[in-house]
Amino acid sequence: MYMIKKYKVFISHSWQYSDAYEKLCKMLDGKSYFIYNNHSVPKEDPVHTNGTDKELKIAITNRMSACHIVLIMAGKYSSYSKWIKKEIDIAKNDFTNSKPIIGIKPWAVSQVSTIVSENADIMVGWNADKIVQAIREYAIQ
């Protein structure tokens with residue numbers, strides 16, 4: 001009997017560009033052969049802290065700790081986002097085994113974030129099948 005694996009995914013994104021995040025979630029939700037839990041921090045359900053960077057970093061680290069993989073939107077804006085840089089650092093350095101990172105190139109965009117492309121284990125285009133394939137290939141088991 002074939003068993004379907006459920007992946008735990010952290011999607012790093014900028015709240016200023018949350019439309020791309022929402023479209024990505026819809027793409028993944030639309031794949032009946034792929035099941036995942038989204039551990040990211042959406043704009044409509046923020047992490048509640050007293051507003052310090054340290055508390056937010058701890059909260060993000062806690063969410064990411066259970067994840068198999070980290071997805072990062074690789075739009076040019078990512079190069080200028082303080083938190084996306086911190087999330088990359090958390091994924092790479094805050095766990096015994098670093099979390100694999102998939103960089104996702106935005107639809108119809110030729111320039112991508114250097115910080116994401118230099119830190120991603122793989123870069124994929126804006127294609128649900130390619131993203132799912134990369135998750136399955138790179139996710140920590």
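Every value quoted in this text rests on a predicted model; they were computed, and no experiment measured them. (Residues numbered from 1 in each chain as written. Predicted model: local features only at pLDDT ≥ 70, side-chain atom pairs only at ≥ 80, totals over all residues. Heavy atoms only, no water.)

Visitor: Any chance you could explain the pattern of salt bridges here in plain terms?
Guide: Pairs can form between side chains of opposite charge whenever their charged atoms are close. Inspection of the entire model under this criterion finds 3 salt bridges. Two residues, D94 and K57, come together in a salt bridge whose shortest N-O distance is 2.7 Å. Remark: K57 occurs in helix α2 (residues 53–65) and D94 occurs in the loop between α3 (82–93) and β4 (101–104); sequence separation between them is 37 residues. (Salt bridge = Lys/Arg side-chain N within 4 Å of Asp/Glu carboxyl O. Helix = DSSP H or I, 4+ residues; strand = E, 2+ residues; numbered from the N terminus.)

Visitor: What exactly am I supposed to notice about the packing of α2 against α3 here?
Guide: Two elements in contact, α2 and α3, have axes separated by 10 Å at closest approach and are oriented at 50 degrees. Of the possible angle classes, the one that applies to α2 and α3 is oblique. Where α2 crosses over α3, the handedness of that crossing is right-handed. Each of D53, L56, K57, I60, T61 and M64 in α2 lies in contact with α3, whose residues at this interface are K82, W83, K86, E87, I90 and A91. Split by residue class, the contact of α2 with α3 holds 6 nonpolar, 1 polar and 5 charged. (Axes fitted to C-alpha atoms, helices over the stretch in contact; angles between N-to-C directions. Parallel < 35°, antiparallel > 145°, perpendicular 65-115°, else oblique. Left-handed = near helix turned anticlockwise from the far one by under 90°. Contact = heavy atoms within 4.5 Å. Nonpolar A, V, L, I, M, F, W, Y, C, P; charged D, E, K, R; others polar.)

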